[in-house]
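Letter by letter, the chains look like this.
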Amino acid sequence: MKQRLLFIGPPGAGKGTQASRLCDTHGLRHLSTGDLLRSEVSAGSALGKEAEAVMNRGELVSDDLVLAIVRSQLTALNGQGWLLDGFPRNVAQAQALEPLLGELQQSIEIVVLLELSDEVLVERLLARGRADDNESVIRNRLEIYRKQTAPLIDYYKSKELLVSVDAQGSVDAITTRLEERLA
Ligand code: AP5
């Protein structure tokens, strides 16, 4: 199993669901910037207060804030493998990740793109009903994904790190698909 992975994909593709399963099975640390930000919001920290309104609009929190969170998480790992879920979210974050990994003498082994049609992902998100899962915010998240995150597909393709995985089907079927690609 790969030890240093990125998961990218549109909202609702199943990044969090699958990342959590793979990390449990293989002893990796699951680092979801969305989950880390939501913990800050629940704790009522200054950082959480800054992030909450932005997240509820479905926009991206500032690169500096997210990078500070990722830096502190990765440097605390002491060599344990990791899966970054939802980070990087734009090319600037991807470029900032490289020197950080350089400092840690690590590199990305694989970038997984989970692909799913808009119709299915909107259905999944509406069924979940998180604070940012209403129709207009979902539309905004998708728009931001297309404009800001999708350019990472070519970015990581050009580095020969990208694999695409079909995210349609049952949770178990997708886990099996991922295990096969990441073995
Ligand atoms: P984040 O938490 O990363 O949200 P997201 O990318 O929009 O992803 P989701 O959690 O909605 O979807 P997912 O692909 O993880 O799918 P999941 O497994 O949950 O980010 C939230 C916000 O935080 C951002 O909008 C931004 O404001 C901020 N943020 C985060 N990272 C940032 C960054 N790097 N820079 C700046 N800002 C950042 O599944 C979705 C639902 O579908 C669940 O209910 C699940 O149970 C269900 N499901 C999953 N798989 C299946 C399946 N196979 N069949 C049926 N249902 C399924």
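Quick note: structure is the one above.
Predicted model, so just to flag it, every value in this text is computed and none were measured.

Definitions and limits used
- Here, residues in each chain are numbered from 1, in the same order as that chain's written sequence.
- In view of the model being predicted, local features appear only for residues whose pLDDT reaches at least 70, and side-chain atom pairs are presented and counted only at 80 or more, with totals across whole chains, interfaces and linings using the full set of residues.
- In computing side-chain properties, one takes all heavy atoms of the structure into account and sets aside hydrogens as well as water.
- For helices the rule is a DSSP run of H or I covering at least 4 residues; for strands it is a run of E covering at least 2, with both sets numbered from the N terminus onward.
- It is over C-alpha atoms that the radius of gyration is taken, and the globule rule equals 2.2 Å times the number of residues to the power 0.38.
- To sort residues, take the accessible area from a 1.4 Å probe on protein chains only and compare it with the maximum for the residue type: under 20% means buried, over 50% means exposed, and anything in between is partly exposed.
- In what follows, a contact means two residues having at least one pair of non-hydrogen atoms within 4.5 Å.
- For every accessible area listed, the method is Shrake-Rupley and the probe measures 1.4 Å; residues are considered covered only by the protein chains on display.
- Lys and Arg are tallied as positive, Asp and Glu as negative. Neither His nor the chain termini are counted.
- Every charge is mapped to an atom, namely NZ of Lys, CZ of Arg, CG of Asp or CD of Glu.
- Proximity criterion: a residue is near a molecule or strand once any of its heavy atoms comes within 4 Å of it.
- A 3.5 Å cut-off defines polar contacts: any pair of N or O atoms within that distance qualifies, except that in protein one atom must be a possible hydrogen donor and the other a possible acceptor, and neighbouring residues in sequence count only when both atoms are side-chain atoms.
- Here the nonpolar group is Ala, Val, Leu, Ile, Met, Phe, Trp, Tyr, Cys and Pro; Asp, Glu, Lys and Arg are the charged ones; every other residue, Gly included, is treated as polar.
- A helix is expected to reach a length of 1.5 Å times the quantity of its residues less one.
- The criterion for strand pairing is that DSSP finds at least two bridges linking the strands in question.
- Summarising the geometry, the arc corresponds to the directions from the helix axis toward the C-beta atoms.

Engineer: What's the story with the overall build of the protein chain in this structure? I'm lost.
Structural biologist: Across its full length, the protein chain holds 9 helices and 5 strands. Secondary structure elements of the protein chain, listed N to C terminal, follow the sequence β-α-β-α-α-α-β-α-β-α-α-α-β-α. Here the C-alpha radius of gyration of the protein chain, 16 Å, is about what a compact globule of 183 residues would show, namely 16 Å. On the principal axes, the C-alpha backbone points of the protein chain span a range of 40 × 40 × 30 Å. Buried positions account for 44% of the 183 residues belonging to the protein chain. Here the analysis covers contacts within the protein chain between residues at least 6 apart in sequence; of these, 73% occur between residues at least 24 apart. As displayed, the protein chain offers around 8900 Å² of accessible surface, 47% of which is attributable to carbon and sulfur atoms. The centroid of the 21 positive side-chain charges in the protein chain is displaced by 1 Å from the centroid of its 26 negative side-chain charges.

Engineer: Help me out: how do you make sense of the side chain of Thr 33 in this one?
Structural biologist: Within the secondary structure, Thr 33 is located in helix α2 (residues 33-43). Residue classification places Thr 33 among the buried residues on the basis of a relative accessible area of 6%. Ignoring sequence-local partners within four residues, the contact set of Thr 33 consists of Val 66, Val 70, Asp 85, Gly 86 and Phe 87.

Engineer: How should I be thinking about the site of the ligand in this particular structure?
Structural biologist: Residues in close proximity to the ligand total 31 residues, the closest being Thr 17, Thr 33, Glu 59, Arg 128 and Arg 141. In the model, a nitrogen atom of the ligand is placed 3.1 Å from a nitrogen or oxygen of the Val 61 main chain. In this structure, a nitrogen atom belonging to the ligand sits 2.9 Å away from a main-chain N or O atom of Gly 169. Relative to its free-state accessible area of 1000 Å², the ligand is covered by the protein chains to the extent of 86%. Elements that contribute at least two residues to the shell around the ligand include exactly α1 (15-26), α2, α6 (118-128) and α9 (171-182). With 4 residues, α2 is the single largest residue contributor to the shell around the ligand. Grouping the constituent residues of the shell around the ligand by class yields 12 nonpolar, 10 polar and 9 charged.

Engineer: Would you mind showing me how to read helix α4 (residues 63-75) here?
Structural biologist: Counting along an α-helix, one turn takes 3.6 residues, and residues three or four places apart therefore face a common direction. Along its 13 residues, α4 runs 18 Å from first to last C-alpha, staying within 8% of the 18 Å computed at 1.5 Å per residue. Taken residue by residue, α4 has Leu 65, Val 66, Leu 67, Ile 69, Val 70 and Leu 74 as its buried positions. Each element contacted by the buried residues of α4 is listed here: β2 (29-32), α2, α3 (46-57), β3 (82-85) and α5 (91-103).

Engineer: Explain the pairing of strand β4 (residues 110-115) here, please?
Structural biologist: Side-chain direction in a regular strand flips from residue to residue, so the side chains alternate between the two faces of the sheet. Of all the 6 residues making up β4, 5 are buried; the element is thus mostly covered by neighbouring parts of the structure. Relative to β4, strand β1 (residues 4-8) runs parallel, the two being bridged by 4 bridges. Bridge pairing links Phe 7 to Val 112 in β4. Bridging between β4 and strand β5 (residues 162-166) involves 5 bridges; their strand directions are parallel. If you follow Leu 113 over to β5, its bridge partner there is Ser 164.

Engineer: Before we go on, may I ask you to explain the environment of Pro 10 in this structure?
Structural biologist: Position of Pro 10 among the secondary structure elements: in the loop between β1 and α1. Looking at Pro 10, the relative accessible area reads 7%, which means it is buried. When the C-alpha atoms of Pro 10 and Arg 146 are compared, they prove to be 8.2 Å apart, with 136 residues separating the residues in sequence. Among all residues touching Pro 10, those that are not within four sequence positions of it are Lys 15, Leu 114, Leu 116, Leu 121, Leu 142 and Tyr 145.

Engineer: Explain α3 here, please?
Structural biologist: Turning to α3, its buried residues are Gly 48, Ala 51, Val 54 and Met 55. Across the axial projection of α3, the buried residues extend over an arc of 135 degrees, all falling on one side. Facing away from the buried side of α3 by more than 90 degrees, the exposed set consists of Ala 46, Lys 49 and Glu 50. Where α3 is buried, its residues contact α2. Just beyond α3, the residue with positive phi is Gly 58, at close to 80 degrees.

Engineer: Explanation requested: the pairing of β1 in the structure shown.
Structural biologist: Among the 5 residues of β1, 4 are classified as buried, and the element is accordingly described as predominantly covered. Pairing between β1 and β3: 4 bridges, direction parallel. Paired with Phe 7 across the bridge in β3 is Asp 85.

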